[in-house]
Amino acid sequence: MKAIIVCTSVSHGNTKRIADVLGQVLEARVVEPEQVDVAELSTYDLVGFGSGIFNMAFHPRLREFVKSLPQEQRHKAFVFSTSGLPEPAFRRYTSGLAKQLEQKGFEVVDTFSCRAYDTYLPFKLVGGIRKGRPDASDLEAARTFAEGLRTRIAA
């Protein structure tokens, strides 16, 4: 199985830490959106898309990258994120990105999210929330998630 992970991690490196664990298990290169040629994605069996969550949405660079993809038959994909707070029921950003990817021809096979250190206002005023996250248990959860993906995709 050939995999790649497209990741935007800007604030504290939280999402990159998760992406690196996913990449290690999947033997996948971890790249930023600007580091991958759109045409190259069709050569992969599995593509991961992830970022930290900003204003209840994936990072604008990742969203713009997905928006720029041509609509064509593609392979499997997964979506992952890190955030200080859980995804609210009134703003399902994970399923929104998954739907955009499906419209571009990807089959989104799974999603993963975990809590992470967050200093976005108003949290910055109190020194942030979720200090120390992602922690060892979050990284292990990411590893288990990737192992499950590898097993399902390789089968």
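Residues numbered from 1 in each chain as written. Predicted model: local features only at pLDDT ≥ 70, side-chain atom pairs only at ≥ 80, totals over all residues. Heavy atoms only, no water.

Colleague: Can you help me understand helix α3 (residues 93-103) in this one?
Modeller: Taken as a whole, α3 has its buried residues at Tyr-93, Thr-94, Leu-97, Ala-98 and Leu-101. For α3, the angular spread of buried residues about the axis comes to 140°, placing them on one side. Set apart from the buried face of α3 by more than 90 degrees, the exposed residues are Lys-99 and Gln-103. (Buried < 20%, exposed > 50% of the residue type's maximum accessible area, 1.4 Å probe, protein only. Helix = DSSP H or I, 4+ residues; strand = E, 2+ residues; numbered from the N terminus. Arc of directions from axis to C-beta.)

Colleague: Would you mind showing me how to read the sheet that holds strand β4 (residues 76-83) here?
Modeller: Read across the sheet, five strands follow the order β2-β1-β3-β4-β5 without closing on themselves; strand pairing throughout is parallel. Taken across any chain shown, the strands that pair with only one partner, and hence form the sheet edges, are β2 (29-31) and β5 (107-115). For this sheet, the mean angle separating the axes of adjacent strands, direction not counted, is 20°. Pairing of strand β1 (residues 3-8) with strand β3 (residues 46-52) involves six bridges; the strand directions are parallel. By the bridge assignment, Cys-7 is partnered in β3 with Gly-50. Along the sheet, helix α2 (residues 60-68) makes contact with β1 and β3, crossing β3 at roughly 145°. This element, helix α4 (residues 136-154), spans β3, β4 and β5 of the sheet and lies at about 170° to β5. (Pairing = 2+ DSSP bridges. Axes fitted to C-alpha atoms, helices over the stretch in contact; angles between N-to-C directions. Contact = heavy atoms within 4.5 Å.)

Colleague: Hey, could you run me through the packing of helix α1 (residues 14-26) against α4 in this one?
Modeller: Two measures define how a pair of helices packs: the angle their axes make with one another and the distance between the axes. Interhelical geometry of α1 versus α4 gives an angle of 35° and a closest axis separation of 9 Å. Between α1 and α4 lies a crossing whose hand is right-handed. Residues Arg-17, Ile-18, Val-21, Leu-22, Gln-24, Val-25 and Leu-26 of α1 pack against Asp-138, Leu-139, Ala-142, Arg-143, Phe-145, Ala-146, Glu-147, Leu-149 and Arg-150 of α4. The residue makeup of the contact of α1 with α4, split by class, is 10 nonpolar, one polar and five charged. (Left-handed = near helix turned anticlockwise from the far one by under 90°. Nonpolar A, V, L, I, M, F, W, Y, C, P; charged D, E, K, R; others polar.)

Colleague: Any chance you could explain the nonpolar core here in plain terms?
Modeller: A general trend in soluble globular proteins is that nonpolar side chains are found buried together. One finds Val-6, Leu-41, Val-47, Phe-49, Leu-101 and Phe-106 to be the most contacted residues of the largest nonpolar core, which totals 22 residues. Per-element tally for this core: the top contributor is α3, with four residues. Counting 21 residues, the second-largest nonpolar core is a separate cluster that includes Ile-18, Ala-19, Ala-28 and Leu-149. (Core = buried A, V, L, I, M, F, W, Y, C linked by side-chain atoms within 4.5 Å.)

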